[in-house]
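What follows is each chain in one-letter form.
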Amino acid sequence: MTDPEAEHDVWVLRHGATEWSVSGRHTGRTDLPLTDDGRAQARAVGQILTGQRFARVLVIPLARARETCTLAGYADQAELTDDLREFDYGDLEGLTTPQIRETVPGWTVWTHPCPGGETLADVGARVDRVIATVRAVDGPVALFAHGHVLRILTARWCELDPIEGRRFPLDTGTVGILGYEHGFPGVRRWNSTG
């Protein structure tokens, strides 16, 4: 017997590895291609999704997410949206957490500002629009995007504050499924590679 609530699942698909994600550099607006390993991860995502049909497929316009979507086999359905773009790290773009902590001890994206960039509330407002969009869709939806934005989206899906995205680590080239159990929004699958 199939689960009728699964018809409204939201599949969160983080793009494959880039040179900066491998080195831990914060990558918001910088448009980087996938590495060879990242392309292999994207094809592996496609294997996980084999036979899965989506009512809509939303993708951020940057190369790493679009290429992941293409290699996973869903380019023909892709709809571009800026609301899923990664956290804008502002002046911290391209830096690693240890580099930032040299001048701001204890810094995390969850607890400290990103000068010249976005706040958690800014990203929360964007993902709330995405959530409103996908909840209006009749059928499952795929979201190809980035780590921090998908973590914040997951927190908001679960009716938590954006800061609670810190509780949902998400590796490159992984799959998560958001859905419902007995009408309550929750996480059905997370950070999966198989």
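So, here's what we can say about the structure. Small disclaimer: the values here were computed from a predicted structure and weren't measured. (Residues numbered from 1 in each chain as written. Predicted model: local features only at pLDDT ≥ 70, side-chain atom pairs only at ≥ 80, totals over all residues. Heavy atoms only, no water.)

Regarding the overall build of the protein
Spelled out, the test is: The secondary structure listing takes helices from DSSP runs of H or I that are at least 4 residues long and strands from runs of E that are at least 2 residues long, numbered from the N terminus. C-alpha atoms define the radius of gyration in this analysis, and the globule rule sets the expected value at 2.2 Å times the number of residues to the power 0.38. Per-residue accessibility, obtained with a 1.4 Å probe over protein chains only, is compared with the maximum for each type, and a residue is labelled buried under 20%, exposed over 50%, and partly exposed between these values. Two residues qualify as a contact provided that any one of their heavy atoms is within 4.5 Å of a heavy atom in the partner residue. Neither His nor the chain termini are counted; the positive set is Lys and Arg, and the negative set is Asp and Glu. For the purpose of locating charges, the reference atoms are NZ of Lys, CZ of Arg, CG of Asp and CD of Glu.
From N to C terminus, the protein includes 6 helices and 6 strands. Beginning at the N terminus, the succession of helices and strands in the protein can be written as β-α-α-β-α-β-α-α-β-α-β-β. Against the globule reference of 16 Å for 194 residues, the protein gives a C-alpha radius of gyration of 16 Å, in line with a compact fold. In the protein, which comprises 194 residues, the share counted as buried stands at 49%. Taking as baseline every contact in the protein between residues at least 6 positions apart, the subset at least 24 positions apart corresponds to 67%. Computed over 20 positive and 27 negative side-chain charges, the separation of the two mean positions in the protein equals 2 Å.

A closer look at the nonpolar core
This is how the line gets drawn: Residue types Ala, Val, Leu, Ile, Met, Phe, Trp, Tyr and Cys, when buried and joined through side-chain atoms within 4.5 Å, form a set referred to as a nonpolar core.
Core analysis: the biggest nonpolar cluster contains 31 residues, and Phe-87, Val-134, Leu-143, Leu-153 and Trp-157 have the highest contact counts within it. Of all the secondary-structure elements, those providing two or more residues to this core are strand 1 (10-14), helix 5 (120-135), strand 4 (141-145), helix 6 (147-157) and strand 5 (175-181). When residues in this core are grouped by element, the largest group, 6 residues, is from helix 5. Not counting chain neighbours up to four residues away, the residues in contact with Phe-87 comprise Gly-28, Val-109, Cys-114, Glu-118, Thr-119, Leu-120, Val-123, Arg-126, His-148 and Ile-152. Core analysis: the next-biggest nonpolar cluster, separate from the first, contains 18 residues, Leu-49, Leu-62, Ala-142 and Phe-144 among them.

Here we look at the pairing of strand 2 (residues 56-59)
Quick reminder of the rule: Pairing between two strands requires that DSSP report at least two bridges joining them. A crossover counts as right-handed when, viewed with the strands pointing away from the observer, the path leading from the first strand over the helix to the second turns clockwise.
Where strand 2 lies against strand 4, 4 bridges are found, and the strand directions are parallel. By the bridge assignment for strand 4, Leu-58 is matched with Leu-143. Between the parallel pair strand 2 and strand 3 (residues 78-80), the chain is carried across by helix 3 (residues 63-72), and the sense of this crossover is right-handed.

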